[in-house]
Amino acid sequence: MTIKRQVITAAHWGGLKVTVENGIITRSATAFSAEPENELQTVVAEQVYSPCRVKFPMIRKGFFEGNSDRTLRGRDQWIRLSWPQALDWVHNELTRVRQNYGAQAIFGGSYGWKSSGALHSSRTLLQRYLNLTGGFVNSFGDYSTAAAQQILPYVVGGNEVYQQTSTWETVLAHSEIIVLWGANPLTTLRNTWTATDQQGIAYFRQAQQAGKRIICIDPVRSQSCERLKAEWLPIHAGTDVALMLALAYTLAEEALLDRAFLRTHTQGYEIFESYLLGKTDNQPKNAQWASRICGLPASQIQQLARDFSRHRTLLMAGWGMQRRKYGEQPAWMLVVLAAMLGQIGLPGGGFSFSHVNGNGGVARTQAGVLGKISEKPTNFRPHFTAAIPVSRLTDALLHPHKTISFNGGKITYPDIKLIYWAGGNPLSQQHDLNLVARAWRRPECIIVNEINWTATAKMADIVLPVTTSFERNDLTQSGSFSMRHLLPMKQAVPPQFEAKNDYDIFLELAKRAGVAEQFSEGKTEWDWLREFYSSLQKCGQNLPSFDDFWRANQPLIFAAEESDKHWVKYADFRRDPQANPLNTASGKIEIYSQTVAAMRYADCPGHPVWFEPEENAQHGDARYPLTLVTPHSPYRLHSQLAQTSLRRHYALNGREPAWIHPIDAKARGICHGDVICIESPRGRVLAAALVTESVRQGVIALYQGAWYDPLNPGETENPLCKNGCANVLTPDESSSQLSQGNAPNGCAVQVTKFIGKAPEITAFLPPDGA
Ligand SMILES: Nc1nc2c(c(=O)[nH]1)N[C@H]1C(S)=C(S)[C@@H](COP(=O)(O)OP(=O)(O)OC[C@H]3O[C@@H](n4cnc5c(=O)[nH]c(N)nc54)[C@H](O)[C@@H]3O)O[C@H]1N2
Ligand SMILES: Nc1nc2c(c(=O)[nH]1)N[C@H]1C(S)=C(S)[C@@H](COP(=O)(O)OP(=O)(O)OC[C@H]3O[C@@H](n4cnc5c(=O)[nH]c(N)nc54)[C@H](O)[C@@H]3O)O[C@H]1N2
Ligand SMILES: [Mo]
């Protein structure tokens, strides 16, 4: 007889219903009856039973034997340890490094998207443990929006990217034109930091059905462009600021700009206008000028400016175009363009940075905010704090004690001797991976808690096997702003092999360090979950008891008040800017910022400007005439789920697909499906040519998130990546001195047909001895 049960849980990709038959997961699907399809929800069983899993605590042979050759990382044998042995090793290494070099030598920044859950949050738990044992070097900021989140507070008083935006009800009622500016929401809304509610996808469909004009400005004809049957403006990668300036110029030239709004609600337009009209540099930023840069016809640019000004237009920005060198400029200039159009604060008009990520615009419900574990126990004050910008780790490893500029100040790098990572995959997700791999030879010890044998785990000295979220109990909310659901994350099956929860690993380590009581605050897993749940009850909601909620095995669904559905961002500011000033220096929208200007950064002056990308076809290295963009994939979350059968949706002849325009392919004798080699000044990867008119000529699109798979790592400086990992090609350069963000998009590459027998992909095989 089959014993069948269903449990409700959740992941970044939404609320899940998991079917367990005779103790084995057989199926997974959405937890809700009507929801946009999301294939990411269907592979829970494959995640849990993956051959990629780390089964036991493991130590690298050379490290175990005291061999100081760190080039062995990534190619050495592995030895199995018992849990007590492994925990002793980790404890002793941390103690040794702490005693010899102090807290500044321990890097616990551990950036990453881990799994959802209020309790089993790997990075937080790692940092809680490190705080209690003497402190560590942290990282700040993120890989997602580094440039935008630093510049926008100067411009509009908030970071915008992680803030609620005008509700969809107002968009559907009032917007006539929706511009997806470098945005692919039907893909990116499939995941959020907690659990996606996917509501935004449904709203985009409604906008399409309502016959709204949707325009995609993107070098790639994205999934959203295709499925929403939108107009595609195939802009050349990295040239958005030129297009925005030309739209602004046309508004000025044809007297279509809202001078009254600029006067009452903005600061510094005149200074910017001198630049726009070419008074400061003899280059009017007109449509003809921009056309040569961005590749769209001048007449189309001019017409677009007229259309925007004559219709209620909402400029919805994605984040890919700011994930690049000078990434502040497109974010800032988008706001300036919207200000000139004068529709900011009107329903359906203006700009937004969160409709396309995090399901912004889905009305806030009354749920309140769920409690969660903290990196600092109650009433605990850390002994030591230091942090570097998250994307500067490679630079810090290679150049200890170097001082860099950041946002008007200075930061000096520490000398890192030990890295502890839990919940990220830097050896696939950080940029210029061959350089990262070399930098990772610097520390004396690298410890990784992982579910799978990722490249990061393979590059470590000690690897501790961790449960998936389907092997433990937790809680999460869905919707970054709506808080629409509260989801029980119920254990579907017991921990596989010898995997442990991060919580229990750090509790064991805390015991060895004599701080277990502070780590757990005397609470069990259930005590924590009850406490988090009660934080919602305190928000005034009439919720069932925790036990009833848990037993019911159902999400709680919250609704928005009618009044909250009609919220328009900046409406109050628009109505009365004196009474409702923005949180900027002038209280207005800063087209020119005295504060930014005073930093005197050549790479981020006092108003938005066009910077010619350094790596480009006209002025760059003729050996690399194509431009690479690295969008997020519809069928994985970064490197997560790359090991599953979702691969069938995108792999071409078993390899990562690289989108290439037919003209570029033909010029290189490349046919659809051919194995190709993509090369940048930093490295080479193998991929398969997806010959398509859905990418602009001159641009190559390669999804981010492939598992780094170096051929003969440690033996050569720049090993070929067999598995098309885009970050072998991308530069480790920073966006600017203001944000010190990451800048992967827009690097220069060349593509050639690969001749001979292509090496097999081994990224998904566990290493020797494992
Ligand atoms: N070229 C290029 N590179 C990019 C980007 C790009 O656009 N282009 N995007 C950047 C962006 S926006 C981001 S956010 C980053 C993402 O970079 P990461 O967050 O580093 O990427 P993930 O693949 O999500 O890595 C999460 C890892 O955590 C592990 N994990 C999951 N759950 C748990 C857990 O409970 N415990 C532990 N210990 N581990 C767990 C997973 O197995 C996985 O290996 O990538 C950046 N990299
Ligand atoms: N399915 C899925 N969803 C995700 C993620 C995932 O990995 N998979 N990751 C999550 C995370 S952590 C983040 S930060 C967000 C990322 O969200 P985004 O940063 O918005 O996503 P991207 O795919 O990097 O970029 C969006 C679009 O910008 C285009 N683009 C790239 N360069 C340029 C340019 O120079 N100009 C213009 N106009 N367009 C350009 C790309 O082709 C792409 O279609 O998504 C989140 N959601
Ligand atoms: Mo991100």
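Residues numbered from 1 in each chain as written. Chains lettered and ligands numbered in written order. Predicted model: local features only at pLDDT ≥ 70, side-chain atom pairs only at ≥ 80, totals over all residues. Heavy atoms only, no water.

**With respect to unusual backbone geometry**
At Glu160, a residue that is not glycine, the phi angle is positive and equals roughly 65°. In this fold, Glu160 is placed in the loop between α5 (146-156) and α6 (168-174). Judged by relative accessible area, Glu160 falls into the buried class, the value being 1%. The phi dihedral of His401 falls on the positive side, at around 75°, and the residue is not glycine. Within the element layout of this structure, His401 appears in the loop between α16 (393-398) and β15 (403-406). (Helix = DSSP H or I, 4+ residues; strand = E, 2+ residues; numbered from the N terminus. Buried < 20%, exposed > 50% of the residue type's maximum accessible area, 1.4 Å probe, protein only.)

**Here we look at the nonpolar core**
Counting residues in hydrophobic clusters, the biggest one holds 84 residues, and the most contacted among them are Ile25, Leu427, Trp440, Ile678, Ile700, Leu702 and Tyr708. Here this core gets 5 residues from one element, more than from any other, and that element is helix α18 (residues 433-439). What Ile25 contacts, discounting residues up to four positions off in sequence, is Val18, Thr19, Val20, Val44, Ala45, Val48, Tyr49, Ala492 and Val493. One finds Ile151, Val179, Ala339 and Phe573 within the second-largest nonpolar core, a separate group that totals 74 residues. (Core = buried A, V, L, I, M, F, W, Y, C linked by side-chain atoms within 4.5 Å. Contact = heavy atoms within 4.5 Å.)

**Concerning the sheet that holds strand β2 (residues 14-21)**
Pairing within the open sheet is antiparallel, and its 3 strands lie in the order β1-β2-β3. Each edge of the open sheet carries a strand with a single partner, namely β1 (4-11) and β3 (24-30). Going from strand to strand, the sheet's axes swing by 25° on average, the running direction of each strand aside. In the sheet, β2 pairs with β3 via 6 bridges, with the strands oriented antiparallel. Among the inter-strand pairings, Val18 is bridged to a residue of β3, identified as Ser28. (Pairing = 2+ DSSP bridges. Axes fitted to C-alpha atoms, helices over the stretch in contact; angles between N-to-C directions.)

**Observations concerning the packing of aromatic side chains**
Taken as a whole, this structure holds 30 aromatic pairs when the rule is applied. Note on Tyr533 and Phe549: the rings are 5.0 Å apart at their centroids and 25° apart in plane angle, and the pair reads as stacked. Remark: Phe549 occurs in helix α23 (residues 546-552) and Tyr533 occurs in helix α22 (residues 525-537); sequence separation between them is 16 residues. The class of Tyr533 is buried, set by a relative accessible area of 0%. Aromatic pair Trp659 and Tyr703: ring centres 6.3 Å apart, planes at 80°, arrangement edge-to-face. On the criterion of sequence distance, the pair formed by Trp659 in strand β25 (residues 657-660) and Tyr703 in the loop between β28 (699-702) and β29 (747-753) is long-range, its members being 44 residues apart. In this structure Tyr703 comes out as buried when scored by relative accessible area, which is 13%. (Phe/Tyr/Trp six-rings, centres within 6.5 Å; stacked < 30°, edge-to-face > 60°.)

**Brief notes about the domain arrangement of the chain**
Assigned domains of the chain: these are domain 1 (58-141 + 368-469 + 496-539), domain 2 (146-363 + 585-598) and domain 3 (626-753). A C-alpha centroid distance of 38 Å is found between domain 1 and domain 2. Taken together, the contact pairs 7 residues of domain 1 with 6 residues of domain 2. When the two sides are added together, the surface that domain 1 and domain 2 hide from each other amounts to roughly 580 Å², 54% of it contributed by carbon and sulfur. The largest share of the area that domain 1 buries against domain 2 comes from Trp113, Ser116 and Asn407, three residues that together contribute 66% of it. For the interface between domain 1 and domain 2, the tally reads 3 residue pairs in polar contact (both at pLDDT 80 or more). Class assignment of the residues belonging to the side of domain 1 that touches domain 2 gives a composition of 2 nonpolar, 4 polar and 1 charged. (Domains from an automatic or database assignment. Buried area = accessible area lost by both parts, 1.4 Å probe. Polar contact = N/O pair within 3.5 Å; in protein donor to acceptor, adjacent residues only side chain to side chain. Nonpolar A, V, L, I, M, F, W, Y, C, P; charged D, E, K, R; others polar.)

**Details of the pairing of β1**
Judged from the 8 bridges that link them, β1 and β2 form a sheet pairing that is antiparallel. If you follow Val7 over to β2, its bridge partner there is Val18. Linkage of β1 to β2, two consecutive antiparallel strands, is achieved through a turn of 2 residues.

**Topic: the site of ligand 2**
Taken together, 32 residues are adjacent to ligand 2, and Asp218, Gly238, Asp240, Arg323 and Arg636 come closest. At 3.0 Å from an oxygen atom of ligand 2 is found a main-chain nitrogen or oxygen belonging to Trp319. In this structure, an oxygen atom belonging to ligand 2 sits 3.0 Å away from a main-chain N or O atom of His638. Look at ligand 2: alone it shows 910 Å² of surface, and the protein chains cover 98% of it. A breakdown of the residues in the shell around ligand 2 according to their chemical character gives 14 nonpolar, 13 polar and 5 charged. (Near = heavy atom within 4 Å. Areas by Shrake-Rupley, 256 points an atom, 1.4 Å probe, with all protein chains shown as cover.)

**Brief notes about the layout of surface pockets**
By volume, the second largest pocket amounts to about 410 Å³. What lines the second largest pocket is a set of 22 residues, and nearest its centre among them are Gly74, Arg75, Lys458, Pro713 and Thr762. Its residues assigned to classes, the lining of the second largest pocket comprises 11 nonpolar, 3 polar and 8 charged. Looking at which domains feed residues into the lining of the second largest pocket, each of domain 1 (58-141 + 368-469 + 496-539) and domain 3 (626-753) gives three or more. (1 Å grid on protein atoms, 1.4 Å probe; cavity = no way out; pocket = protein on both sides within 12 Å on 5 of 7 lines; lining within 4 Å. Points joined across faces, edges and corners; volume = space filled by probe spheres on them.)

**Structural notes on the site of ligand 1**
Taken together, 33 residues sit near ligand 1, with Trp113, Ser115, Glu450, Asp502 and Ser639 positioned nearest. Gly423 places a polar main-chain atom, nitrogen or oxygen, 3.3 Å from an oxygen atom of ligand 1. Within the backbone of Gly424, an N or O atom sits 3.5 Å from an oxygen atom of ligand 1. With the chains in place, 98% of the 920 Å² that ligand 1 exposes on its own is no longer accessible. Tallied by class, residues from the shell around ligand 1 come to 8 nonpolar, 20 polar and 5 charged. The residues that make up the shell around ligand 1 include at least three from each of domain 1 (58-141 + 368-469 + 496-539) and domain 3 (626-753).

**As for the packing of helix α10 (residues 240-253) against helix α15 (residues 328-341)**
Remark: α10 packs on α15, axes separated minimally by 9 Å, with the N-to-C direction vectors making an angle of 20°. Considered as vectors, α10 and α15 are oriented roughly parallel to each other. Once α10 is placed against α15, the crossing between them reads as left-handed. The residues of α15 that touch α10, namely those facing Val241, Met244, Leu245, Leu247, Ala248 and Leu251, are Gln329, Pro330, Met333, Leu334, Leu337, Met340 and Leu341. (Parallel < 35°, antiparallel > 145°, perpendicular 65-115°, else oblique. Left-handed = near helix turned anticlockwise from the far one by under 90°.)

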